[in-house]
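Descriptive analysis of the structure
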Amino acid sequence: QRQQTTRNKNLAVPLRSAASLPASACPGSAVKPLMEPKLYQPPPEVRGMTSLDKEAFTQTIAVPALRVPTGVLNKVMKSLKKSTIQRPGLPRVVQDTEESSDFRLVLLDPHRVSSKSSFSEAEAEALRSFSVAEELQYYELQLTYNNLKSEEVLGAVLPQGQDVTSGFSRVGHIAHMNLRDHQLPYKNLIGQVIMDKTPGITCVVNKTNIIDSTYRNFKMEVLAGEENMVTKVKENGVTYEFDFSRVYWNPRLSTEHQRVVELIKRGDTVLDVFAGVGPFAIPAARSGANVLANDLNPESYRWLQHNCKLNKVESKVRTFNLDGRAFIQGPMKQELPALMKGKANVHVVMNLPALALEFLDAFRGLLHQEPPCDENLPTVYCYSFSKDKNHDADVVERSSRSLGFPLENRCSVHFVRNVAPNKDMMCVRFTLPKEVLFSCNDEQTEPSEEPKHLRLFFF
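Every value quoted in this text rests on a predicted model; they were computed, and no experiment measured them.

This part takes up the pattern of salt bridges. Taken as a whole and assessed by the stated rule, the structure comprises 15 salt bridges. A salt bridge links R128 to E134; its shortest N-O distance comes to 3.6 Å. According to the relative accessible area criterion, E134 is buried, its value standing at 18%. A salt bridge links R259 to E256; its shortest N-O distance comes to 2.8 Å. Here R259 pairs with E256, and both are found in helix α6 (residues 254-261), just three residues apart, close to one helical turn. On the basis of relative accessibility, which here comes to 25%, the residue R259 falls in the partly exposed class. Note on E256: relative accessible area 5%, which makes it buried. Through salt bridges with shared partners, a single ionic network connects E125, R128 and E134.

Written as structure tokens, this is what we have:
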């Protein structure tokens, strides 16, 4: 409410006409008024500011304008929609400088219009047809912090030549940033600007480290706004609620979630080894699949159950709070023999890209006590990061090594997203070989006492 009040107050500042400008700014003058680049660049005094002073960004500028009869105003606005001024919070139509009720002034973008010859042929023809004089006037108005974009504010404040990216990941009402070292002295100002300029954002946080615990969550510092980490997001038509500070959630994986879920048919079974709060499990259940979803983090497990109820799929999802290896060698081992005798497909999702490949050895000899069969073998979707020049070959080689079986020409590799320079997230998809599942060797690894899947948070 305070922020909205401030915005309204700034917009209420009287706009002055060209009559109050120096002679150089009057119509017909050979010297152009001061407009560009001032229209898009805040005052130089704000450079180095660490505590946001919104008033310091206020400046008075002059912009070109056309005097338009009120009777044709709407038609003129449609004809000039590419040439009118487009700034947050700035009007495009103002009172006539001569205070005539029969006319209005249409404010123009100085980047596009500097003289009457700047109008396109179609625009000039439209103005003639509406009997609008093409003679430009100049109108003085006040440009404030509220009229600037976030990148313009930050570009004016941060040191010249430094990266001023204002990018963030949005998680409900939370904006999550990964600030670089040179941005840290300005972190609170950056947070305030992002919150001011992004509707619906009421909290801005910065990741303070990569590894926090076994549970793939991470420590955060609140830069601006309320310290409320419980948020609600909607992804691919599904609603999720969770405490962002205590579980893993990456909004940049929505396309991948949808891609895999679209491969799952009604009646199939999904075994989600690292389920998180349910971005694979819940959409799969909504599409008619039966799901076994597991996560080691007690908070993820709790929110997974909550989200199943929220989306009315609790009857389709069985939830577990186990280490990934214990889940594979426990509930999955118990379910697979019966599932493989059915006709519906079986899908195993392993979305823990930092370590998931290391869990593939848990499948060695998993069903060694069962009669071997080669029908309806599970399809595995295993995620991994790769820094190798040949990402595809790298993940196939490492998957084969962990599985103890060559996957060359027996799998497909899908690029998911670029995580960092020379670091990509990949998904290797393959049918679990019967030679692995029914192996009689004694190399099957028992669940460890210490949880093995240290979970990392990457953007």
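Spatially, four strands are ordered β2-β3-β1-β4 in an open sheet, and the strand pairing comes out antiparallel. Edge strands, defined here as strands with exactly one partner in the open sheet, are β2 (93-95) and β4 (137-143). Going across the sheet, the axis of each strand differs from the next one's by a mean of 45 degrees, ignoring polarity. Of the strand pairs in this sheet, strand β1 (residues 59-69) and β4 are connected by seven bridges, and their pairing is antiparallel. Looking at the pairing, P64 lines up with Y138 of β4.

The residues that UniProt annotates with the feature "binding site: S-adenosyl-L-methionine" (unreviewed entry) are H257, D295, L296, D323, G324 and N351. Inspection of the secondary structure assignment puts D295 in the loop between β12 (290-294) and α8 (298-310).

With that out of the way, let us pick up the sheet that holds strand β5 (residues 169-171). Overall, mixed pairing links the four strands, which are arranged β5-β6-β7-β8 in an open sheet. Whereas interior strands pair on both sides, the edge strands pair on one side only; in this sheet they are β5 and β8 (220-225). Along the sheet, successive strands turn relative to each other by an average axial angle of 30 degrees, direction set aside. Sheet topology note: the β5/strand β6 (residues 174-177) ladder contains three bridges and is antiparallel. Within β6, the position partnered with S169 by the bridge is H176. Sitting on the sheet, helix α5 (residues 187-197) touches β6, β7 (203-207) and β8, and the angle it makes with β8 is about 55 degrees.

The rules we used
Residues numbered from 1 in each chain as written. Predicted model: local features only at pLDDT ≥ 70, side-chain atom pairs only at ≥ 80, totals over all residues. Heavy atoms only, no water. Salt bridge = Lys/Arg side-chain N within 4 Å of Asp/Glu carboxyl O. Buried < 20%, exposed > 50% of the residue type's maximum accessible area, 1.4 Å probe, protein only. Helix = DSSP H or I, 4+ residues; strand = E, 2+ residues; numbered from the N terminus. Pairing = 2+ DSSP bridges. Axes fitted to C-alpha atoms, helices over the stretch in contact; angles between N-to-C directions. UniProt positions renumbered as here; feature names shortened; annotations may be inferred. Contact = heavy atoms within 4.5 Å.

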